[in-house]
Each structure stands twice: as structure tokens, then as C-alpha cells.
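Geometric and topological summary
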Amino acid sequence: MTVLENFTNKTHQRADMIIEILLGGYFLLGIGLSFYYGTWVIAIGVGGLNLLGYYLTKLTFKGKNYHHYYASAGLSIFMAQFIYQMHGMFEMHFTAFIAAVAVIAYQNWRTLIPLTLVIVLHHSAFAYIQYVGFTQDDPSLKAIYFTQLNYMTFETFLFHAILFALAAFLAGIYSFDLEKITKQRAIDFTRLEGAQAISLKNLHFANEIAKGNYEEVATDESQDELGRALGDMRKNLLESTNRERKDKFVNVGLAEMADITRKYNTNTEELAFQTIRYLIKYLKANQGGLFMAEEEQDRKVLKLKACYAFERKKYLQKTIEIGEGLVGQCFQESDRIYLKSVPTDYVRITSGLGDAPPTCLLLVPIKNNDVVEGVMEIALFHELEEYQIQFIEKVGENLASVINNLKINERTKVLYENSQQQSEELKSQEEEMRQNLEEISATQEEMKRKTFESDSRLHAINDSGIASIEFDLKGTILTANQSFLKLMEYSLDEVQGKHHRIFVTRAYAESDEYRIFWHDLAQGIAKPGEFQRQTKSGKTVFIYGSYSIIRDLNGLPFRVLKLATDLTELRRNNGIK
């Protein structure tokens, strides 16, 4: 059902109630008039049938407006009945004007047509019968009445008709104007509903941003400037979040790999196993192997140092010539090989449910400064993103450096065993210091970036026109943007350090409800909804927003952020004070 149909139905329901009260009143009036001349049969018969005809029409043609036209004709029939019952009393003609005014309630000028036609037919016929002398010459017609006057001139009758026609015409114009007003109200209401819906969607989206849910879909960005601004902000925040997620993946992985290399930097095979084991789990891969280059009979070959989850027959041959197969080719070309279509006979991933060829295969050279120390091979059922492959290459660079150091250490261990121990301890300390410095530098850079992004988010919210204010958990005001200060008619100096109760009435500020409100916020319970507040001048404003919780690194609430939009003008336009 459209808004216009809803408005029209409500108008017709009110009009039906008015008309039905009037019809019932007219029926009772007819009963009352029967006491004058004993016209009981006319009052009950004509009035009852008239009333019955209205309700039969209404019930028979549900969903249609035929009973409106019957009601118009029925009111004029009651007028004729009253004139008859009172033997032509002139005042009974006035009930036609009452009927015309009542029918205006339908806001349909066409409903005046049956009223006018019945009155014209009644007046013309009864006036003609009464004034041509039929009532005197024919005793059977002596009960026909039109007026109590002995005679009504044509001029008098003409004025009578013209006055009623004018009244009916004015009633029709008023009905037509009311119908147009109702349609315009429906259009305005639809627009207001649409604007409110967009505003609520934008506010909901802003609340989701405040919660860190950047995947939330905004309203149609083409509908208003705020929607487009929120959409742009969402895109930027989502890009920033994805970038942060990728950076975190790489940084955490490199940090954990650094711990592994520090822990197993004295044993090549243990380092290889722990490295490939960690990478398979961190990447959610399925199988993997790590080959290292070694000298054998005056030639360089690739030997399997560690494997994880590979079926045994895959690596019966643990030595591979340079350039042989995909592993040898990766080492020789010193470049990664990433296959998204793996030959079925190359390798199969086995489990308790069976075996199947992998979807993707990645081979990355372990190299540093163009010196290749080995090859990492990883098989997966899912594809890797570019940042994940780059992470593995960085791991390969770090691992190559460690392997190179291991080789140097192993060569010199026999000759410099005593000094090697001291040298390794020093290198370990230096490596730890370097890693610590790198981690500190990365942490400082990360904090600087997050601070800048947080400031950018706040600026984006301020530029969007959304009112925002920040409190501590006790309700003390910390800061507020210009949109909020303008709405509440304060400056920042006037509210900073004050309690939230300056925006509410004294009675509400002293109530248990207000105390519980801030107690819930201190416990980390957000409070979304519509709120009534007072400005500095004492004016009442209505805002829709959310008191959201800002948490510290431990997940505990330590501040309250409120984002809101002003609904005062909208409520006033809808007639709400």
C-alpha cells in the first residue's frame, strides 16, 4: 500500500465515521419528528431502508467507495423524508446544507453529485405536484408536501435552487482542495520518511565505523552528500585496514621467524625443519620442503634438509642436480616459480580422507645479495596473495643470511673453536640488539601511523557534519567537535571539564535512570537511540546517536564517544513537539 493510499484510507475511515453518525442521527430525528403528525411508518420504513441500503452497499462492495455516493444520496432522501414528516416545514430544507457540509469529509467533489441530483429531482417533482393544484383536485395526492407556503413564486424557487447550488459548488471546491492537500501531505511525508531513513542509515554506518566495523555497507551514496562522504571514508578506512592487516601479517611473521632463526642458528637441519614447519602452519598450507646447496664431489647439488607433511615417496631421492626439475630450475634461475596448475604426477597431498593434487605450488629461492643458498617448496589447496609471496621471499632472504653464517661458522669451527664460541655469543647479542632496534623502530613507526590514521578518522567525522563529543567513564567532558558545540550553543571552553548533566534537565540528572545510564557506560555497555537534550539557552533538541565505548589495549573501557545527528527539525515538521 502506497503512502497516498494510506492517507486516503484514513481520510475515508474518518469520513465514514462522521457520515454514519449523521445517518444514525437523521434516523433518530425522523423517529422524533413522528410525534408531530404520526408519521411512524415513514420514519421507520423510509429511514430504516435508507440506513439499511447504506450498510448493504458498504458490505457488498468492500474495497470500493460506492457507499460514499449512496451516503450522499441517502442524506438527501432523509431531507425529503423530514420535509414530508413536517408537512413542508421550510426549515427542513436546511438539512440539505448539513448534508453538503458532511460529504466534504470524503474529500471527493464527485460525492456531491448524488446529493444534488436527488435534491433537484425531489424539489422539482414535489414543487410541481404541489403548485399545479394536484393536491387540491386529487385527494390521493393531498399528502404531498414541498413547503408550508400557500404558494411559492418561481423567483422564490429559483433563489432557493441557486443558493443550494452555490453551497454545493463551494463544498465541491473545498473537497477538491482538501484532496489536493492530502496528496501533497502524502508526498511530503514520503520525502520526510526517505530523508529520515537515509539519515538513520548514515548514522548506523557511522556507529559501525566507530566500532571498527569497516565492512559495514553504507546507504546509497548517490542519495546525499553525507552518504557519499561516509562511503569514501569507508573505502579509505577499509583500504587502510587491509593494508594494516597485510603489514601485520608480514611483520608478525618476520618477527616470529627471527625468533626461530635466533633459537636454531647453530643447527642447519633443525633450523630448516622449524622454518618449513612454521611457514606451512602460518600460511595454512598443506606440504612443504626445504633444500640447501652443498658441495659434493667437486660439484654443487641441492639436498633435502627438511620436509613437512610430504608423502614419503615424494622424496626418496633427497639429492637434486642444479637445473633438474622445478626445484633445480628455481635455484638455477634464482627466481620464484608459482604454479596455479600443478601436474597430477608431481606431488599429491594426502590425509585421512584420501589424497589429491595441490591447487598451487610455490618455489622460492633462499638467496641474499644474489647468492642462492637453497630452495623452499610449498604446496597448497588455495591460492596465495602477492603480499604472502613477498613475505616468503623476505623469509628466504633472512634465512639465506643465517645459512650463510652457519656455513662460515661450520668451516671455521675446527680451527677457531674457542674463539668461535665468543664470536657466536657476540654475534647473537648484536643480532638481538639489531632485532630489538628494528622492532622498536617498527613499533614507533606503527604507533605514529596509527595515531595519524586515528586523527584522520576524527577529521573525517568532523568534516561530515556529525556531532561528536568525548567523555571519561564518569561523564566528564573531554572534548567536542564544532557540530556538537553549535547544536548545544556552547563553546569548547564552556563544556570542557564539565559533567554531561549540563545537557539534561535537573530532574533527569538527579534520577536513578540517569545514574544507571552512566553506570552501564562505565561497564562497557553502549547506548544507541534517540535522546532529548537541552541547549545552553534551555531549548529542547532531539538527537539520534550512540554512546560508544572506546577500549584500551587490554579491552577495558576507558572513554565514551558519542556520535549523533539532529532530529529536532524533522520531529517538528512531523508535528512532534
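Going by the structure above, here's the rest.
Report on the accompanying structure. Because the structure is a prediction, the values reported are computed rather than measured. One numbering rule holds for all chains: residues counted from 1, following each sequence as written. Residue-level local features of this predicted model are given only where pLDDT is at least 70; pairs of side-chain atoms are given and counted only at 80 or more, and the full residue set underlies all totals for whole chains, interfaces and linings. Remark: hydrogens and water are excluded; side-chain values derive from all non-hydrogen atoms of the structure.

**What about the overall build of the protein chain?**
We count it as follows: For the purposes of this entry, the term helix denotes a DSSP run of H or I that reaches at least four residues, the term strand denotes a run of E that reaches at least two, and both are numbered from the N terminus. Relative accessibility under 20% of the residue-type maximum defines a buried residue, over 50% an exposed one, and the middle range a partly exposed one, all with a 1.4 Å probe and only protein chains included. By the convention used here, residues are in contact when the closest approach between their heavy atoms is within 4.5 Å. For the area figures, the Shrake-Rupley method with a 1.4 Å probe applies, and any residue is considered shielded solely by the protein chains shown.
Counting its regular elements, the protein chain contains 17 helices and 13 strands. Here the protein chain holds 577 residues, and the buried ones make up 40% of them. Restricting the contact set of the protein chain to residue pairs at least 6 apart, pairs at least 24 apart contribute 57%. On the protein chain, roughly 32,600 Å² of surface is accessible, and the fraction owed to carbon and sulfur atoms is 56%.

**A short note on the side chain of Thr535**
For clarity, the cut-off: Here a polar contact is taken to be a pair of N or O atoms separated by no more than 3.5 Å, where protein atoms must pair a possible hydrogen donor with a possible acceptor and residues adjacent in sequence count only if both atoms sit in side chains.
Position of Thr535 among the secondary structure elements: in the loop between strand E11 (527–534) and strand E12 (540–551). At a separation of 3.2 Å, a polar atom in the side chain of Thr535 contacts the side chain of Ser537.

**Points about helix H9 (residues 268–282)**
What counts is decided by this rule: Take the number of residues in a helix, subtract one, and multiply by 1.5 Å to get its expected span.
If you check H9, its first and last C-alpha atoms are 21 Å apart, about what 15 residues at 1.5 Å a residue would give, namely 21 Å. Within H9 the residues assigned to the buried category are Thr268, Leu271, Ala272, Gln274, Thr275, Ile276, Tyr278, Leu279, Ile280 and Tyr282. In this structure Asn267 caps H9, since a side-chain oxygen of it lies 3.1 Å from the backbone nitrogen of Glu269. Once H9 finishes, Lys284 follows within two positions and takes phi at roughly 55 degrees, a positive value.

**Let's talk about the nonpolar core**
In plain terms, the rule: To define a nonpolar core, start from buried Ala, Val, Leu, Ile, Met, Phe, Trp, Tyr and Cys residues and group those joined through side-chain atoms within 4.5 Å.
Grouped together as the largest cluster of nonpolar side chains are 35 residues, with contacts concentrated most on Leu283, Ile378, Phe391 and Ile392. For this core, the element with the most residues is helix H11 (residues 386–413), which contributes ten residues. Non-local contacts of Phe391, meaning those with residues more than four positions away in its chain, are made with Phe249, Val250, Gly253, Leu254, Leu279, Tyr282 and Leu283. Residues Leu22, Tyr54, Leu75 and Leu115 belong to the second largest nonpolar core, which totals 30 residues.

**Regarding the sheet that holds strand E4 (residues 337–339)**
Applicable threshold: Here, a strand pair is defined by DSSP locating no fewer than two bridges between the strands. Axes, fitted as lines to C-alpha atoms, cover a helix only where it is in contact. Angles between the N-to-C directions of the axes lie from 0 to 180 degrees.
Spatially, six strands are ordered E3-E2-E1-E8-E7-E4 in an open sheet, and the strand pairing comes out antiparallel. The open sheet has two edge strands, strand E3 (319–321) and E4, and neither has a second partner. Going across the sheet, the axis of each strand differs from the next one's by a mean of 25 degrees, ignoring polarity. By the bridge criterion, three bridges tie E4 to strand E7 (residues 360–368) in an arrangement that is antiparallel. Across the sheet, residue Leu339 finds its bridge partner in E7, namely Leu361. Sheet strands touched by H9: strand E1 (287–296), strand E2 (299–308) and strand E8 (371–380). Its angle to E2, the strand with the most contacts, is close to 55 degrees. Helix H10 (residues 325–333) rests against E1, E2, E3, E4, E7 and E8 of the sheet, and its axis sits at about 140 degrees to E8.

**A few points about the pattern of salt bridges**
In plain terms, the rule: By convention in these notes, a salt bridge is any Lys or Arg side-chain nitrogen within 4 Å of a carboxyl oxygen on Asp or Glu.
Counting across every chain of the model gives 15 salt bridges. With its nearest N and O atoms 2.4 Å apart, the salt bridge here joins Lys305 to Glu294. Of the two residues, Lys305 is situated in strand E2 and Glu294 in strand E1; the sequence distance between them amounts to eleven residues. With a shortest N-O distance of 2.6 Å, Glu494 and Lys536 are connected by a salt bridge.

**Some thoughts on helix H2 (residues 40–60)**
Rules: In this description, the arc belongs to the directions extending from the helix axis to the C-beta atoms.
A rise of 1.5 Å per residue sets the reference length of H2, with its 21 residues, at 30 Å; its end C-alpha atoms lie 29 Å apart and thus fit the reference within 8%. Taken together, the buried positions of H2 are Ala43, Gly47, Asn50, Leu51, Gly53, Tyr54 and Thr57. Axial view of H2: buried residues confined to an arc of 145 degrees, hence all on one face. The exposed set on the far side of H2, more than 90 degrees from its buried face, consists of Val41, Leu49, Leu59 and Thr60.

**Quick word on the sheet that holds E12**
With antiparallel pairing, the five strands of this open sheet are ordered in space as E10-E9-E13-E12-E11. Strands at the two margins of the open sheet, each flanked by one partner only, are strand E10 (477–480) and E11. Between one strand axis and the next, the sheet turns through 30 degrees on average, direction left out of account. The pairing of strand E9 (residues 467–471) with E10 spans three bridges and is classified as antiparallel. Residue Glu470 lies in a different strand from E10, and its bridge partner there is Thr479. With respect to the sheet, helix H16 (residues 512–522) is in contact with E9, E11, E12 and strand E13 (557–566), its orientation differing from that of E11 by roughly 140 degrees.

**Some words on the packing of H2 against helix H3 (residues 66–85)**
How we decide: Each angle gets one of four labels, with under 35 degrees taken as roughly parallel, over 145 as roughly antiparallel, 65 to 115 as roughly perpendicular, and the rest as oblique. Throughout, the ten residues Ala, Val, Leu, Ile, Met, Phe, Trp, Tyr, Cys and Pro are labelled nonpolar, Asp, Glu, Lys and Arg are labelled charged, and all others, Gly among them, are labelled polar.
Contact geometry of H2 with H3 gives a least axis separation of 9 Å together with a crossing angle of 175 degrees. What the angle tells us is that H2 and H3 run roughly antiparallel. Between H2 and H3, the contacting residues are Ile42, Ala43, Val46, Gly47, Leu49, Asn50, Gly53, Tyr54, Thr57 and Lys58 on the first element and Tyr66, His67, Tyr70, Ala71, Gly74, Ile77, Phe78, Gln81, Tyr84 and Gln85 on the second. Classifying every residue of the contact of H2 with H3 by side-chain character gives eleven nonpolar, eight polar and one charged.

**A word on a nonpolar patch on the surface**
Test applied: Each patch is built from residues lacking any salt bridge and having more than 30% relative accessible area; the joining distance is 9 Å for like charges and 5 Å for nonpolar side chains (Val, Leu, Ile, Met, Phe, Trp, Tyr).
Where nonpolar side chains cluster on the molecular surface, the patch consists of Phe35, Tyr36, Tyr37, Trp40 and Ile44 and spans about 610 Å² of accessible area. Mapped by element, the contributors of at least two residues to the nonpolar patch are helix H1 (3–37) and H2. No other element matches H1, which puts three residues into the nonpolar patch. Mapped onto the elements, Trp40 comes out in helix H2. Under the relative-accessibility criterion, Trp40 is labelled partly exposed at 36%.

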